[in-house]
Amino acid sequence: ANAMYGFARMAASPPGLAEELCAAVPARLADFKPQELSNTIYALAVLREGTGAFLGAFCDHASSRLGEFNEQNVSNIVYSLALLDFAHEPLLGGFADGIAGSLGEFTAQGLANVLYGMGLLGFRHDGLLHALCA
């Protein structure tokens, strides 16, 4: 996760690295800490890499660990999915449900970041919108 993030910060990765990562990582996602999951998807988004199979496996796994992510992780994951134009309804809905139930735990900036990413994906969650407007 950290190596891929480093390559993303340099805006370059060795040829084939992203493909190898996308092939190897799904089997190890359970070993990743929430920050490592966030960094991995963000790195792939910055590099505009990631196969549909990897993104689906990543999102399915992240959906099973919703309670582990902090505000920054959620913001990064949603924004990364927006950059990759990958709207995974169960994950986005899970994040939205969690945010709607714990608005006080998110900063205004964190909420704005998540809503921006969801907006880029065209994702709408009425429960979150109602919670924000209440």
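Please refer to the structure placed before this passage.
Residues numbered from 1 in each chain as written. Predicted model: local features only at pLDDT ≥ 70, side-chain atom pairs only at ≥ 80, totals over all residues. Heavy atoms only, no water.

1. With respect to the overall build of the protein
Item 1. Regarding its fold elements, the protein presents 8 helices and 0 strands.
Item 2. Starting at the N terminus, the α and β elements of the protein follow one another as α-α-α-α-α-α-α-α.
Item 3. Of all 134 residues assigned to the protein, the portion counted as buried reaches 42%.
Item 4. Expressed as a percentage of contacts within the protein between residues at least 6 apart in sequence, the contacts between residues at least 24 apart total 75%.
Item 5. As presented, the protein carries roughly 6,800 Å² of accessible surface, and 53% of it is formed by carbon and sulfur atoms. (Helix = DSSP H or I, 4+ residues; strand = E, 2+ residues; numbered from the N terminus. Buried < 20%, exposed > 50% of the residue type's maximum accessible area, 1.4 Å probe, protein only. Contact = heavy atoms within 4.5 Å. Areas by Shrake-Rupley, 256 points an atom, 1.4 Å probe, with all protein chains shown as cover.)

2. Observations regarding the environment of Gly122
Item 1. With respect to the helices and strands, Gly122 occurs in the loop between helix H7 (108-121) and helix H8 (126-133).
Item 2. Note: C-alpha distance between Gly122 and Asp85 (37 residues apart in sequence) is 9.8 Å.

3. Section: the side chain of Ser75
Item 1. Within the secondary structure layout, Ser75 lies in helix H5 (residues 71-83).
Item 2. We classify Ser75 as buried; its relative accessible area is 5%.
Item 3. Discounting residues that sit within four places of it in the chain, Ser75 has contacts with Gly110, Asn113 and Val114.

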